[in-house]
Amino acid sequence: MLAQLNDWAAQRQWNHFWRGLPALIAGVMLGLAILMIWAIHRQSDRLDYQYRHRALAALQAGRFEEARVACLHELTTDLGESDRMQTVYQLAQALNGLGQKREAVALLTHAAPLDRPGSLPAHILLSQMLLNGELVPAENNLKLAEQHLLSALALDPQSSEVNELLGRYYINTRNLLKARARLMEIYPAKTEAALLLAITYALGKDKDTATLWADTAISDYSLKLKNSAPGDNSPARLGLAGALMMEEKYAQAIAALEQGQRLATNPAYALTIADDCATWVERIADTTKKNAAERLLLIQKGLTNSPQNIKLQLHLVRAAQATDEAGQAAKTFLNQLMASAKGEAAAGWHFLLWTDARERGDWIAARRQLQAAYELAPQVPFIRNDLAMDLLTGNQDNAERGLKLIQSVVEQFPENPQYRDTRGRILARLGRNAEAVADLEWAVAKLTNPEETRRVLAKANAALGKPQLTEEPHRIVKTVKPTQ
């Protein structure tokens, strides 16, 4: 064997080997380069995964500084556009958790651009913030929210969450055909869509179709509750109550919610019972003793569940004005609630009594109730505003007092047109017309019903010898802080 190997080696043309050596070396080097690139990419992918996993875990655990650092490290790696947008979204969440709200919103808008799809959860979150009025300016919020939802839909056309949000958006903006199109995309996979579809047909005055979808929702929700027994399914129970209310089966809806209260602790049940009681009260005409007694029982049930329900509070205040037996019982219940209320809750009752007395034209009682509300909760902006407006009708000293009351409110909420309107009217009453015009012009451009404000503005401009300015009611001016 050894001799054969020697013969084979002796017969080789080694000069050919040396000629091919550079190619062999180049091949080895190329292989090593490819191996190094693969190793580097693998290491980068491993680091990217580690940073992403750490950022997500830190966000879920509320360790926002750790999440911020992990996101920043991840952004230094070679990320694709989609992954980069998602990381920016996570960084926005971390900054929000650290209290850096403005920076968080800036990053959120970067992760969810308007001109193209970005991060899916960023688009969804921004749309919800816009719809909830958490972002300013508010003029185009609805349209911007729709753009973000459509971008989210482009990223995930099958998303039940996005389709439902769009469906709800189109219901609220009364675009019923588009709402149905989105909701049909997720029904029957998402049975909650049946109730929303019923709402679209009810809004479209198609009672028969609305009833069919409401019946479908009742069946779907009832089946879910049956399958969850002996436990509870809160979303299904709340949906069932909503569908029953649509069919004006008020007693059944409230009974279903009360059964839920016996099975589970969920604050939503009490709030919904109160709302349903308020709706039922409004359907019962207050024309007979029997009806008045029934209305009072519903008011009591609702307020027992949710003492802050403003609709029921107002119903109770009005019921207490009656002189019959039901009226006396309502007054007794009202006094009990007011006696147990403290601070802003007590002030709220006096504010309602002020509203009621003003509607009845009893201005003496109205002023007494408003003053009582202010003494209990002087920090509440709308109480300060209304007291300032009430003082406007008094003498010069009262107007000066009113200006002091509204000044701090305007400083806290400089973009609120109602508060600017109040300050402008008081300034005009005090003859400080140049300062009044700035507030009144702002208010006229923003208020839903600015006719009275426009008249005060015209008088203030006329007093300044500038009647032509009254023809520019929509001109927006900068905030002018009056001197004290």
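**Q** Just to check I follow, could you spell out the overall build of the protein chain for this structure?
**A** Secondary structure assignment for the protein chain yields 24 helices and zero strands. Taking all 484 residues of the protein chain together, 41% fall into the buried category. Nonlocal contacts in the protein chain, meaning residues at least 24 apart in sequence, comprise 49% of its contacts between residues at least 6 apart.

**Q** Would you mind going over the nonpolar core with me for this structure?
**A** Looking at soluble globular proteins, one finds that nonpolar side chains tend to be buried together. Among the nonpolar cores identified, the biggest contains 64 residues, and Leu183, Leu240, Leu303, Leu312, Leu316, Leu334 and Trp349 are the most heavily contacted of them. Among the nonpolar cores identified, the runner-up in size contains 34 residues, and Phe351, Ala366, Ala436 and Val456 belong to it.

**Q** Even after reading the chapter, I still don't get the packing of helix α22 (residues 417-429) against helix α24 (residues 451-463), so can you show me in this structure?
**A** Axes are the key here: two packed helices are described by the angle between their axes and the distance separating the axes. Put simply, α22 and α24 touch, their axes get as near as 10 Å, and they point 35 degrees apart. The interaxial crossing formed by α22 with α24 has left-handed handedness. Two secondary-structure elements touch here, α22 through Asp421, Arg425 and Ala428 and α24 through Glu452, Thr453 and Val456. Residue classes in the contact of α22 with α24 are distributed as two nonpolar, one polar and three charged.

**Q** Please explain the pattern of salt bridges as it appears in this structure.
**A** Think of it this way: side chains of opposite charge can pair up when their charged atoms draw near. With the rule as written, the count across this model stands at 21 salt bridges. Measuring nitrogen to oxygen at the nearest pair gives 3.0 Å for the salt bridge that ties Glu435 to Arg432. Linked through salt bridges whose partners overlap, the residues forming this network are Glu81, Arg84, Asp115 and Arg116.

**Q** What am I meant to see in the environment of Lys331 here?
**A** Structurally, Lys331 can be placed in helix α17 (residues 325-340). Assessed through its relative accessible area of 43%, Lys331 is described here as partly exposed. Between the alpha carbons of Lys331 and Val317 there is a distance of 7.7 Å; along the sequence they are 14 residues apart.

**Q** I tried to follow the environment of Ala278 on my own but got confused; where do I start?
**A** Tracing the sequence through the fold places Ala278 in helix α14 (residues 267-283). In the structure, Ala278 is positioned 17 residues away from Arg295 in sequence and 9.2 Å away in space, judged by C-alpha atoms.

**Q** Can you help me understand helix α4 (residues 81-97) in this one?
**A** Helical geometry note: an α-helix holds 3.6 residues per turn, so side chains three or four residues apart project in the same direction. When the terminal C-alpha atoms of α4 are compared, their 25 Å separation across 17 residues agrees well with the 24 Å that a helix rising 1.5 Å per residue should span. Looking one or two places after α4, you find Gly99, whose phi comes out positive at around 85 degrees.

**Q** Explanation requested: the side chain of Asp390 in the structure shown.
**A** Looking at where Asp390 falls in the secondary structure, it is placed in helix α20 (residues 381-392). Beyond its immediate sequence surroundings of up to four residues, Asp390 is in contact with Arg367 and Leu370.

**Q** How should the packing of aromatic side chains be read in this particular structure?
**A** When we look at a pair of aromatic rings, we describe it by the centre distance and by the angle of the planes. Applying the stated rule across the entire model yields six aromatic pairs. The interplanar angle of 35 degrees and the centroid separation of 5.7 Å between the aromatic rings of Tyr250 and Trp280 together place this pair among those described as tilted. With Tyr250 in helix α13 (residues 250-263) and Trp280 in helix α14, the pair connects residues that are 30 residues apart, well separated along the chain. A single burial state applies to Tyr250 and to Trp280, both of which are buried. Here the aromatic cluster, defined as three or more aromatic residues joined through ring pairs, consists of Phe351, Trp354 and Phe382.

**Q** How should I be thinking about the side chain of Thr87 in this particular structure?
**A** Locating Thr87 in the fold gives a position in helix α4. Contacts of Thr87, omitting those with residues within four sequence positions, involve Cys71, Glu74, Leu75 and Leu79.

**Q** Even after reading the chapter, I still don't get the environment of Leu312, so can you show me in this structure?
**A** Relative to the elements of secondary structure, Leu312 occurs in helix α16 (residues 310-319). Spatially, the C-alpha atoms of Leu312 and Cys277 are 8.0 Å apart, while their sequence positions differ by 35 residues. Excluding residues that lie within four positions of it along the chain, Leu312 makes contacts with Ala274, Cys277, Ala278, Val281, Ile299, Gly302 and Leu303.

**Q** Would you mind going over the packing of α4 against helix α5 (residues 101-111) with me for this structure?
**A** Where α4 contacts α5, the two axes come as close as 8 Å, and the packing angle between them is 165 degrees. Judged by the angle between their axes, α4 and α5 are roughly antiparallel. Once α4 is placed against α5, the crossing between them reads as left-handed. Packed against α4, whose contacting residues are Arg84, Met85, Val88, Tyr89, Leu91, Ala92, Leu95 and Asn96, the element α5 presents Lys101, Glu103, Ala104, Leu107, Leu108, His110 and Ala111 at the interface. For the contact of α4 with α5, the per-class residue count stands at 10 nonpolar, two polar and three charged.

**Q** Help me out: how do you make sense of unusual backbone geometry in this one?
**A** Apart from glycine, the bulk of residues carry a negative phi angle, and the bulk of peptide bonds sit in the trans form. Note that the residue after Tyr187, namely Pro188, is joined by a cis bond; omega there is 10 degrees. Relative to the assigned elements, Pro188 resides in the loop between α9 (176-186) and α10 (193-203). Of the consecutive residues Ala229 and Pro230, the connecting peptide bond is found in the cis state with omega at 5 degrees. Tracing the chain through its elements places Pro230 in the loop between α11 (207-228) and α12 (234-246).

Basis of the calculations
- Residues numbered from 1 in each chain as written.
- Predicted model: local features only at pLDDT ≥ 70, side-chain atom pairs only at ≥ 80, totals over all residues.
- Heavy atoms only, no water.
- Helix = DSSP H or I, 4+ residues; strand = E, 2+ residues; numbered from the N terminus.
- Buried < 20%, exposed > 50% of the residue type's maximum accessible area, 1.4 Å probe, protein only.
- Contact = heavy atoms within 4.5 Å.
- Core = buried A, V, L, I, M, F, W, Y, C linked by side-chain atoms within 4.5 Å.
- Axes fitted to C-alpha atoms, helices over the stretch in contact; angles between N-to-C directions.
- Left-handed = near helix turned anticlockwise from the far one by under 90°.
- Nonpolar A, V, L, I, M, F, W, Y, C, P; charged D, E, K, R; others polar.
- Salt bridge = Lys/Arg side-chain N within 4 Å of Asp/Glu carboxyl O.
- Expected span 1.5 Å × (residues − 1).
- Phe/Tyr/Trp six-rings, centres within 6.5 Å; stacked < 30°, edge-to-face > 60°.
- Parallel < 35°, antiparallel > 145°, perpendicular 65-115°, else oblique.

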